Amino acid sequence: MTELSETTSEKRLDPLTRDKVLSATLHIIDTEGVNALSMRRLAAELGRDPMRLYAHAENKEALLDAVVAYVLQEFSVAKVRDADWEGALRETAHRLHRIAIAHPRVVPLLVTRGLSRPMVLRPREALEPAEDLLELFAGAGFDARGGMHATRVFIAFLQGQILSDVQEVVDNPEESEALLRVGLQRLPLSRFPRLRGLAAEISGYDDTAALDECLDTVLTGIRADLARQPDNGQSRRGS
C-alpha cells in the first residue's frame with residue numbers, strides 16, 4: 001500500500017482514536033508478528049498518513065508499551081469467594097492463559113516489556129495484577145514479606161507457563177503435532193531416549209490440563225509457605 005496524505009477523503013474518515021490505533025497494532029502483531037510492526041505499516045493498516053500516528057505514540061517502542069497495556073485491560077486477578085484464595089489463583093491463571101492463546105505473539109511482550117523500565121514508569125495496567133495479588137495473599141494470612149514472595153512465585157510461574165505453551169505457535173507455526181512426533185522419532189535413541197519417549201505424551205497433550213497440573217505443584221508450595229507464617233492475628237483463609 002502507498003503512503004497516504006491527508007486528503008479530503010481522509011478527512012471524511014472517522015476520527016483516529018487511541019483505541020483504533022492500538023486495535024490495529026494488536027491486529028498486525030497477531031497476524032504478522034512484532035517484527036512486521038512499524039509506523040508506516042500501521043498507517044497503511046489504518047489508511048492514514050503516518051504522521052497522524054505520532055499524536056498517539058512517538059515511536060514503535062511506545063506502541064509496544066501501549067499494546068501491552070491494551071491487552072492487559074482484558075486481564076484481572078479473580079476475586080476470592082468463600083475464602084477460596086487457591087480457587088481465585090486458579091481462575092487468575094486460566095484467565096491469563098486464555099489471553100495468551102488468543103494473542104500468542106504478544107506473550108513475549110507481556111513478559112519482557114514490564115522489566116525494561118523502573119516500576120514507577122510502568123503502565124498501571126502492568127502493576128494492577130501485582131497489587132491485587134498482594135491483596136489476595138494478605139487476605140489469605142501472609143505477612144508483607146511472605147505475600148511478596150508468593151506474588152513473585154506465582155507471577156514467575158504464569159510467565160514461564162504461557163511462554164512455554166505459545167512457543168511453538170510463535171516460532172514454528174507449521175510444526176504440527178504429527179510433524180513433531182516424527183521429528184522426535186528421528187533422534188538417536190542412544191542419546192535422546194527421554195525425548196523420544198515423549199512422542200506418546202505429546203499426542204495427548206492438553207495445555208489446559210497441564211496448566212492445572214503445574215498449578216497443583218505451585219499452590220502446594222505457596223500453601224506450605226503460608227503454614228510457616230508467624231501468627232499475625234489474620235485469618236488463614238482456605239487453610
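Scoring rules and cut-offs
Residues numbered from 1 in each chain as written. Predicted model: local features only at pLDDT ≥ 70, side-chain atom pairs only at ≥ 80, totals over all residues. Heavy atoms only, no water. Helix = DSSP H or I, 4+ residues; strand = E, 2+ residues; numbered from the N terminus. Buried < 20%, exposed > 50% of the residue type's maximum accessible area, 1.4 Å probe, protein only. Contact = heavy atoms within 4.5 Å. Areas by Shrake-Rupley, 256 points an atom, 1.4 Å probe, with all protein chains shown as cover. Core = buried A, V, L, I, M, F, W, Y, C linked by side-chain atoms within 4.5 Å. Axes fitted to C-alpha atoms, helices over the stretch in contact; angles between N-to-C directions. Parallel < 35°, antiparallel > 145°, perpendicular 65-115°, else oblique. Nonpolar A, V, L, I, M, F, W, Y, C, P; charged D, E, K, R; others polar. Left-handed = near helix turned anticlockwise from the far one by under 90°. 1 Å grid on protein atoms, 1.4 Å probe; cavity = no way out; pocket = protein on both sides within 12 Å on 5 of 7 lines; lining within 4 Å. Points joined across faces, edges and corners; volume = space filled by probe spheres on them.

**Section: the overall build of the protein**
Move 1: The number of helices and strands found in the protein is twelve helices and zero strands.
Move 2: Listing the helices and strands of the protein from first to last along the sequence gives α-α-α-α-α-α-α-α-α-α-α-α.
Move 3: Sorting the 239 residues of the protein into buried and exposed places 35% on the buried side.
Move 4: Within the protein, contacts between residues separated by at least 24 positions form 71% of all contacts whose residues are at least 6 apart in sequence.
Move 5: Entry remark: accessible area of the protein is about 14,100 Å², with carbon and sulfur atoms responsible for 53%.

**Quick word on unusual backbone geometry**
Move 1: A positive phi is found at D82, a non-glycine position, where the angle reads about 55°.
Move 2: Given the relative accessible area of 80%, D82 is considered exposed.

**Description of the nonpolar core**
Move 1: The biggest cluster of nonpolar side chains holds 54 residues, and the ones touching the most others in it are L42, F137 and I222.
Move 2: For this core, the elements supplying multiple residues, two or more each, are α2 (18-32), α3 (39-46), α4 (60-72), α5 (85-102), α6 (107-112), α7 (124-140), α8 (144-171) and α12 (207-227).
Move 3: Per element, the largest residue contribution to this core is eight residues, and it comes from α4.
Move 4: Excluding residues that lie within four positions of it along the chain, L42 makes contacts with V21, A24, T25, I28, L37, L53 and L63.

**Thoughts on the packing of α2 against α3**
Move 1: Look at α2 against α3: their axes get within 10 Å of each other, and the N-to-C directions meet at 110°. Regarding the angle of α2 to α3, the classification is roughly perpendicular. Only R41, L42, E45 and L46 of α3 make contact with α2, whose side of the interface consists of K20, V21, A24, T25, H27, I28 and E32.
Move 2: The residue inventory of the contact of α2 with α3, partitioned by class, reads five nonpolar, two polar and four charged.

**Quick notes on the packing of α5 against α7**
Move 1: Two elements in contact, α5 and α7, have axes whose closest approach is 10 Å; the angle formed by their N-to-C orientations is 160°. Between α5 and α7, the crossing angle belongs to the class labelled roughly antiparallel. The two elements α5 and α7 cross, and the hand of that crossing is left-handed. Here W85, A88 and L89 of α5 come into contact with α7, specifically with L133, L136, F137 and A140.
Move 2: Class assignment of the residues belonging to the contact of α5 with α7 gives a composition of seven nonpolar, no polar and no charged.

**Quick look at the layout of surface pockets**
Move 1: Put simply, the largest pocket is a space of about 890 Å³.
Move 2: Along the wall of the largest pocket there are 32 residues; nearest its centre are R122, A126, A130, I155 and Q159.
Move 3: Elements supplying a minimum of two residues to the lining of the largest pocket: α4, α5, α6, α7 and α8.
Move 4: In terms of residue count, the dominant contributor to the lining of the largest pocket is α8 (nine residues).
Move 5: Its residues assigned to classes, the lining of the largest pocket shows 22 nonpolar, four polar and six charged.

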